[in-house]
Amino acid sequence: MAGDHPRNTGPMMESSRCGAKTRSGTPCKSPAVSGKKRCRMHGGAKGSGAQRGNTNALKHGWYSAEFVEMRREVNEILRSGRATLKELK
Ligand SMILES: [Zn+2]
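Residues numbered from 1 in each chain as written. Predicted model: local features only at pLDDT ≥ 70, side-chain atom pairs only at ≥ 80, totals over all residues.

A. Seen up close, the overall build of the protein chain. Assigned secondary structure in the protein chain consists of 1 helix and 0 strands. A burial count over the protein chain gives 10% of its 89 residues as buried. (Helix = DSSP H or I, 4+ residues; strand = E, 2+ residues; numbered from the N terminus. Buried ≥ 20, exposed ≤ 12 C-beta atoms within 10 Å, placed from the backbone.)

B. Quick look at the environment of Gly44. Within the secondary structure, Gly44 sits in the segment before α1 (65-88). According to the C-beta neighbour criterion, Gly44 is buried, with 20 such atoms within 10 Å. Spatially, the C-alpha atom of Gly44 lies 8.8 Å from that of Cys18, the residues being 26 residues apart in sequence. Contact partners of Gly44, with chain neighbours within four places excluded, come to Cys18, Ala32, Val33, Lys36, Arg38 and Cys39. (Contact = placed C-beta atoms within 7 Å.)

C. Structural context of unusual backbone geometry. Of note in this structure, Lys29 is not a glycine but carries a positive phi near 70°. Take Lys29: there are 13 C-beta atoms within 10 Å of it, and that puts it in the partly exposed class.

D. Structural detail: α1. Its 24 residues place the ends of α1 35 Å apart at the C-alpha level, agreeing with the 34 Å of an ideal helix rising 1.5 Å per residue. Burial runs low along α1: only 0 of the 24 residues are buried. (Expected span 1.5 Å × (residues − 1).)

Without other data, these values stay purely geometric and don't point to any function.
As structure tokens, then:
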């Protein structure tokens, strides 16, 4: 999870960094609280935030992990379908 994103790997970025946008427009870059994506100043504090899978702010589910995964699979099928059509020509 946190820390395995390409942006967060490499010797210079051993720990995951907070990605909150500061008032100057640049990312915060403070070390994120372990297990979270934000530093203690930006919502990573103990006891803040919701559990994974929380749906309090859910509007349509279009960006939920489930739907993102489904779209990925559909795109995969479409891609292979197009490749097959190309072969037939
Ligand atoms: Zn921060």
